Amino acid sequence: MPAQPYDLDAELARAAEVLRSAHRVTVLTGAGVSAESGVPTFRASDGLWEGHRIEDVATPTGFRKDPELVWRFYNGRRVNVSQVQPNPGHHALVALEDRYGSGFALATQNVDGLHQQAGSKTVFEVHGSLRRTRCTDCERVEDRGLTDLGNRPICAHCGGFLRPDIVWFHEPLPEDTWMSAMRAAQGCEVLLVVGTSAVVYPAAELIPIARRGKSPGATVIECNLDRTAATTQADIGLYGPSGETLPRLVELLR
Ligand code: OAD
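Values in this document were obtained by computation on a predicted structure and should not be read as measured data.

Notes on the overall build of the protein chain
Secondary structure assignment for the protein chain yields 10 helices and nine strands. Computed over the C-alpha atoms, the radius of gyration of the protein chain is 19 Å, within 12% of the 18 Å expected from 2.2 N^0.38 for a compact globule of 254 residues. Across its three principal directions, the C-alpha atoms of the protein chain cover 60 × 35 × 30 Å. Partitioning the intrachain contacts of the protein chain with sequence separation of at least 6 by distance along the chain shows that 68% fall at a separation of at least 24. Counting only carbon and sulfur atoms, one obtains 51% of the accessible surface of the protein chain, whose full area is about 12000 Å².

Some remarks on helix 5 (residues 67-82)
Owing to its 3.6 residues per turn, the α-helix aligns residues three or four sequence positions apart on the same side. Compared with the 22 Å implied by 1.5 Å per residue over 16 residues, the 22 Å span of helix 5 between its first and last C-alpha is a close match. Along helix 5, the positions that sit buried rather than exposed are Pro67, Leu69, Val70, Trp71, Phe73, Tyr74, Asn75, Arg77, Arg78 and Val81.

With respect to the pattern of salt bridges
Should their charged atoms come close, side chains of opposite charge can pair. By the definition in use, this model includes 11 salt bridges. A salt bridge links Arg248 to Asp9, with the shortest nitrogen-to-oxygen separation between them at 2.6 Å. Residue Arg248 is located in helix 10 (residues 242-253), and its partner Asp9 is located in helix 1 (residues 8-20); the two are separated by 239 residues in the primary sequence. Under the relative-accessibility criterion, Arg248 is labelled partly exposed at 40%. In this structure, Arg53 engages Asp56 in a salt bridge whose closest nitrogen and oxygen atoms are separated by 3.1 Å. Judged by relative accessible area, which is 42%, Arg53 ranks as partly exposed. Here the salt bridges share partners, and the residues they tie into one network are Glu125, Arg132, Arg134 and Asp165.

Describing the packing of aromatic side chains
The geometry of an aromatic ring pair is captured by the separation of the ring centres together with the interplanar angle, meaning the angle of the planes. For the coordinates displayed, the defined rule picks out four aromatic pairs. Following the ring pairs from residue to residue traces out a cluster consisting of Phe63, Phe73, Tyr74 and Trp168. The residue whose ring lies beneath Arg227 is Tyr6, and the NZ or CZ to ring-centre distance is 4.9 Å. Sitting above the plane of the Tyr239 ring, Arg227 keeps its charged end 4.0 Å from the centroid.

Observations regarding the environment of Ala107
Checked against the element boundaries, Ala107 lands in strand 2 (residues 104-108). Accessibility expressed as a relative area gives 2% for Ala107, which makes it buried. For the pair Ala107 and Ser180, spaced 73 residues apart in sequence, the C-alpha to C-alpha distance is 8.8 Å. Those residues in contact with Ala107 that lie beyond four places of it in its chain are Val27, Leu28, Thr29, Phe124, Ala181 and Leu206.

Regarding the nonpolar core
Of all hydrophobic cores here, the largest spans 26 residues; its most connected members are Leu19, Leu93, Leu96, Leu192, Ile221 and Leu238. Element by element, the count of residues in this core is highest for helix 1, at five residues. Excluding residues that lie within four positions of it along the chain, Leu96 makes contacts with Phe104, Leu192, Val250 and Leu253. Formed by 25 residues, the second largest nonpolar core is a distinct cluster that contains Leu173, Met182, Ala204 and Val220.

Things to note about the pairing of strand 4 (residues 128-135)
The element strand 4 is extensively covered by neighbouring structure, given that six of its eight residues are classed as buried. Pairing analysis gives four bridges linking strand 4 to strand 6 (residues 162-166), with the strands arranged antiparallel. Across the sheet, the residue bridging to Gly128 is Ile166, located in strand 6. The pairing of strand 4 with strand 5 (residues 141-143) spans three bridges and is antiparallel. Bridged to Thr133 within strand 5 is Glu142.

Comments concerning the sheet that holds strand 4
An order of 5-4-6 is seen for the three strands of this open sheet, with the pairing classed as antiparallel. The open sheet terminates on both sides in strands that have one partner only, identified here as strand 5 and strand 6. Neighbour to neighbour, the strand axes of the sheet diverge by 40° on average, direction disregarded. Across the sheet, helix 5 touches strand 4 and strand 6, and the angle it forms with strand 4 is around 140°.

Criteria and thresholds
Residues numbered from 1 in each chain as written. Predicted model: local features only at pLDDT ≥ 70, side-chain atom pairs only at ≥ 80, totals over all residues. Heavy atoms only, no water. Helix = DSSP H or I, 4+ residues; strand = E, 2+ residues; numbered from the N terminus. Rg over C-alpha atoms; globule rule 2.2 N^0.38 Å. Contact = heavy atoms within 4.5 Å. Areas by Shrake-Rupley, 256 points an atom, 1.4 Å probe, with all protein chains shown as cover. Expected span 1.5 Å × (residues − 1). Buried < 20%, exposed > 50% of the residue type's maximum accessible area, 1.4 Å probe, protein only. Salt bridge = Lys/Arg side-chain N within 4 Å of Asp/Glu carboxyl O. Phe/Tyr/Trp six-rings, centres within 6.5 Å; stacked < 30°, edge-to-face > 60°. Lys NZ or Arg CZ within 6 Å of the ring centre and 35° of its normal. Core = buried A, V, L, I, M, F, W, Y, C linked by side-chain atoms within 4.5 Å. Pairing = 2+ DSSP bridges. Axes fitted to C-alpha atoms, helices over the stretch in contact; angles between N-to-C directions.

Structure, rendered in structure tokens:
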């Protein structure tokens, strides 16, 4: 029997139906939710991040080897993010938070702060934030906004070298933030997975955690341009730009 053609309208209607009866909704976002704002995603076909190897700019070893290069890279990303705005996908997630109130939580792998800029309140930044620096000596964390901090910024308190307060490969996630994200995944009735390739762990683990969560486990709705590593775990798939599909979903819920 030939496979049914994909029907986005039908999937949107199913997603709206599930969301209408839910009280606890958690969202996991990745770079795709910010793509329509003009923030590049990570996994381009050349395997490079804006021309750099991941090992050079997103590992503790890369930072030890060449801190100036790493700072130049993140300054570029800070400046990029300072010039963009949240898109309708971010705003639709704010509308969902308005609907579910304290039953809503958003775990993001993004470090761009666009969810908060759009107005989202309960946001767990499991991979850190571009806005913050952390001293490699005294560990002091500071919000420095999105300005260019130069090639080797120094801690004003102890003179140590600063690094971006971002989780690099081979580093643990910030414990409290991660625990909050896990609790939100465990306790939700619906998990909306938006714009992530779902290949980076432990963040992607939030999907099976939600599915195994409090009985009977969450319904997973994937919202992505394409099928991903999360697709086989999703009950409903909204395939298309999240800046279009999420506002349509919110409209159906009104
Ligand atoms: P990826 O770059 O791996 O994946 C982006 C996803 O967004 C892909 O699945 C795209 O299909 C999808 N996408 C692109 N444009 C979209 C749009 N307009 N609407 C909906 N979906 C769209 O980014 P992440 O999954 O976020 O970690 O990557 C996870 C982590 O890998 C990042 O947080 C980063 C990186 O290592 C750190 O920096 C620690």
